[in-house]
Amino acid sequence: MMGRSIWGGMDDRTGPAPVPHAPLSFPVAGMSCAACVGRVERVLAALPGARGVSVNLASGRASLSLPPETTPARAAEALAEAGYPVPGTETVFTVEGMTCASCLGRVEAALAGVPGVTGASVNLATGRAVVRYPEGIVAVRDLEAAVAAAGYEAAVAGGGRPGPAARQEAEAAGLRRDLILAALLGLPVVVLDMGGHLVPGFHHALAQALGERAPALIQAVLATLVLAWPGRRFFARGVPGLLRGRPDMNALVALGSGAAYLYSLVSTLAAGSLPAGSAHLYFEAAVLIVGLILLGRTLEARAKGRAGRAIARLMDLAPKTARVLRDGTDVEVPLGELRVGDVVRVRPGERIAADGIVVSGSSHVDESMVTGEPAPVAKGVGAATVGGTLNGPGSLDLRVGSVGADTVLAQIAAMVERAQGGKLPIQALVDRVTGRFVPAVIAVALATFLAWLALAPAPALGPALVNAIAVLIIACPCAMGLATPTSILVGTGRAAERGVLFRDGAALQRLRDVRVVALDKTGTLTEGRPRLTDFFGGPGIREDDVLALVGALETRSEHPVAGAIVAGARARGLSLPEPEGFSALEGFGVSGRVAGRAVAVGARRYMDRLGIPLDPGLAERAETLAGTGRSPLHVALDGRHAAVLAVADPIKAGARAAVDALRAQGLVVAMVTGDDRRTAEGVAHSLGIREVAAEVLPGGKVEAVKRLRAAHGPVAFVGDGINDAPALAEADVGLAIGTGTDIAVESADVVLMSGSLDALVEALALSRAVMANIRQNLFWAFAYNVALIPVAAGALTLFGGPALSPVLAAGAMALSSVFVLANALRLRRAGGPTPPPRPGTLAARPA
């Protein structure tokens, strides 16, 4: 027993006990049969040290154990090479401690350096990081540890931690507290040091009252308290980064204020150790640097909170409770306790509690929070409702259809957050510059110090230190890091309030660059609810008999035109028999058997495809109908051309004005539709659209987008249907009408919730306003540093000008960040169908 206990864990002859293998489980894509399972197992078993390989086809998952020297990322790479990739996922983290663009770069580099991570994007304005990696391959604790090693703190967003708004409020409260404390402790230091400049004889009277050394000792004590208490945040974050060779803004402040403090402390306690005539006090510079930077941070935190309020305002619209009907009475319950299928009662003037379907009652509902459209929408039995919208004068009972993260409100908030956390292509340049900026500033400060020490007349130590500190303080890259994300944060929030949802932040930049707007016709330029307007039968044809057969066949189709035909047949009081067979050919038409007869309905090309010759008289009728902007359809009975019917889709109100506004901005406007050419050209003519691609199949819409891009430049495509999804994905920017199909919305970069084309004009105006705002911010941030770093280094003194004190440098640095944030906040009033600003102007609209 003793021998077993001695040798069980450590053996002097064999060395340490082997480290156990780490178990791993992850999904695998592409497996379809047992042979796939075998190949995946062989790939995983070939990994060095792999044990317990098991692959399950039913669950689509693989599990194994790997030794520490074989990373999980090796497994993902091997499977990807074999054609069985591990599906990607993403995790959102909140990151604390970031203060400038260099912090952002370090956090991104730390996350990207974790084996298996395929992408990392960090947003300084929101304090969030989005990390992409193969599912099950990267552990969250490894990502958190990588951020911690870089000197910051990360936690999974949501996971019991306060949300962004709560964190920003807590941060602002802490900064306000530290600012007040720094002011109370620092004010006497400033008075003691600078009082003589304002009151003659002040220093002499102070020396007589307290003694020669007392004022310096009081300043030393108070400055120590300022740096050790409200100023501790700069040293706690800056010094570790400096020691790791990754300095950030905090390091610059710590170096500047710390150098001024230490030099003053030596001058106070050991003046004899300094060169004769160089024992000066800079305690006031140290405390004012800390105070002014804290003031800038406090204003910055306040502005950030205002910038990100769009989502909070949106979510606050949802009521906190709901009245659920139970046993004939309504019971008030917290919103979180609602379940799908509950029946909720909404009284007049209340906010609707949940997404659902009206089962009783009627009213008008203000849905402007979702669509941006001010006119209330009529709601009756069967109508859909959106949680958070405002009920009008009637009472509604609705059956809950979705709760929690599945509600429209939650999905809008998630979409806006995703866009706000994204990066624009222009940000890549900023990241590259700021990643090297802080080390370069420290080098410039050191060169300034040495140059003054070597070239300035003695005693030069004091001026050398002051100018080096000014360089460190004035060059903090806060404004650079905030320039782009803050504009995105405010701009996408403003867009959401106007019913324009950017699914992807980068779409803001791409939309600004478009030269062509291609529009689908049905549901985009028109109402999407066509009506049966005409029916003409051939010789010997009874119209009602044929329309009953056609209406019966179309009951099997979900196309809007089919709905119009069915509604038209029923409006005539016709009885529609049950079809005996049905088939649809996308882009052509439908066919089947009804009451024992073969029925086919579709465009002219469908008749050609079926080999059915057209009756000359009916063909002429179809041409006439198409010329008036209606859509003619041909009907064949038992293989013979029997009738022509027409449907008309009313043009949306405001469509002509929207097209005119787009053309006024110098954009090419085109229509791309699958409708008959004559019909399409009739609609296009009434709207002032000159470029028309008609009779285009879904795949042909992609080719039309490519042709337009080759002829004119980047293309924005606007559509609402399933058949628009490929074109929405192919376009440089896809804009989906929010009232359209889920597939179209999922394929788009931007969603126009109202369905109005005014929202398209607004999206373009917002895009250009945001990009103009970003250019202004970046110009200010970079030009500010380029212009003032030489001034801080003392370049003006060569021409008899003044030097820039560290105190003024701290104030100017804080001002630059506040200016950038204030400029971004002007976007909260942007929008509307006004023309975009010309290059070089200040904003899209006066703020």
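Residues numbered from 1 in each chain as written. Predicted model: local features only at pLDDT ≥ 70, side-chain atom pairs only at ≥ 80, totals over all residues. Heavy atoms only, no water.

- The protein appears in an unreviewed UniProt entry as Copper-transporting P-type ATPase from Methylobacterium trifolii.
- Taken verbatim from the UniProt record of the protein, the Sequence similarities (unreviewed entry) comment is "Belongs to the cation transport ATPase (P-type) (TC 3.A.3) family. Type IB subfamily." (UniProt positions renumbered as here; feature names shortened; annotations may be inferred.)

1. Some points on the sheet that holds strand β24 (residues 597–602)
Thought 1: The sheet built from six strands is open, its strands ordered β21-β26-β25-β24-β23-β22 with antiparallel pairing. For this open sheet the edge positions go to β21 (531–537) and β22 (579–585), each flanked by a neighbour on one side alone. Strand-to-strand twist across the sheet, computed as the mean angle between neighbouring axes with direction ignored, equals 20 degrees.
Thought 2: Strand direction decides the pairing type here: strand β25 (residues 631–637) and strand β26 (residues 640–648), joined by seven bridges, are antiparallel. (Pairing = 2+ DSSP bridges. Helix = DSSP H or I, 4+ residues; strand = E, 2+ residues; numbered from the N terminus. Axes fitted to C-alpha atoms, helices over the stretch in contact; angles between N-to-C directions.)

2. Quick look at the sheet that holds strand β8 (residues 128–134)
Thought 1: Sheet architecture is open: four strands sit in the order β7-β8-β6-β9, paired in antiparallel fashion. Two strands close off the open sheet at either side, each with one partner strand: β7 (119–123) and β9 (153–156). Strand-to-strand twist of the sheet, defined as the mean angle between neighbouring strand axes without regard to direction, takes the value 25 degrees.
Thought 2: As paired strands, strand β6 (residues 88–96) and β8 are joined by seven bridges and run antiparallel to one another. Across the sheet, Thr91 pairs through a bridge with Val131, a residue of β8.
Thought 3: The strands touched by helix α4 (residues 101–112) within the sheet are β6, β7 and β8, with β7 carrying the most contacts at an inclination of about 155 degrees. (Contact = heavy atoms within 4.5 Å.)

3. As for helix α2 (residues 34–45)
Thought 1: The end-to-end C-alpha distance of α2 is 16 Å, a good match for the 16 Å that 12 residues give at a rise of 1.5 Å each.
Thought 2: Among all positions of α2, only Cys36, Val37, Gly38, Val40, Val43 and Leu44 are buried.
Thought 3: As for α2, its buried residues are in contact with β3 (22–27), β4 (51–56), β5 (61–66) and α3 (72–82). (Expected span 1.5 Å × (residues − 1). Buried < 20%, exposed > 50% of the residue type's maximum accessible area, 1.4 Å probe, protein only.)

4. With respect to a nonpolar patch on the surface
Thought 1: A contiguous nonpolar patch, built from Leu446, Leu450 and Leu453 and spanning about 270 Å² of accessible area, is present on the exposed surface.
Thought 2: Looking at the element boundaries, Leu450 is found in helix α16 (residues 437–455).
Thought 3: Accessibility expressed as a relative area gives 48% for Leu450, which makes it partly exposed. (Patch = residues over 30% accessible without salt bridge, like charges linked within 9 Å, V, L, I, M, F, W, Y side chains within 5 Å. Areas by Shrake-Rupley, 256 points an atom, 1.4 Å probe, with all protein chains shown as cover. Salt bridge = Lys/Arg side-chain N within 4 Å of Asp/Glu carboxyl O.)

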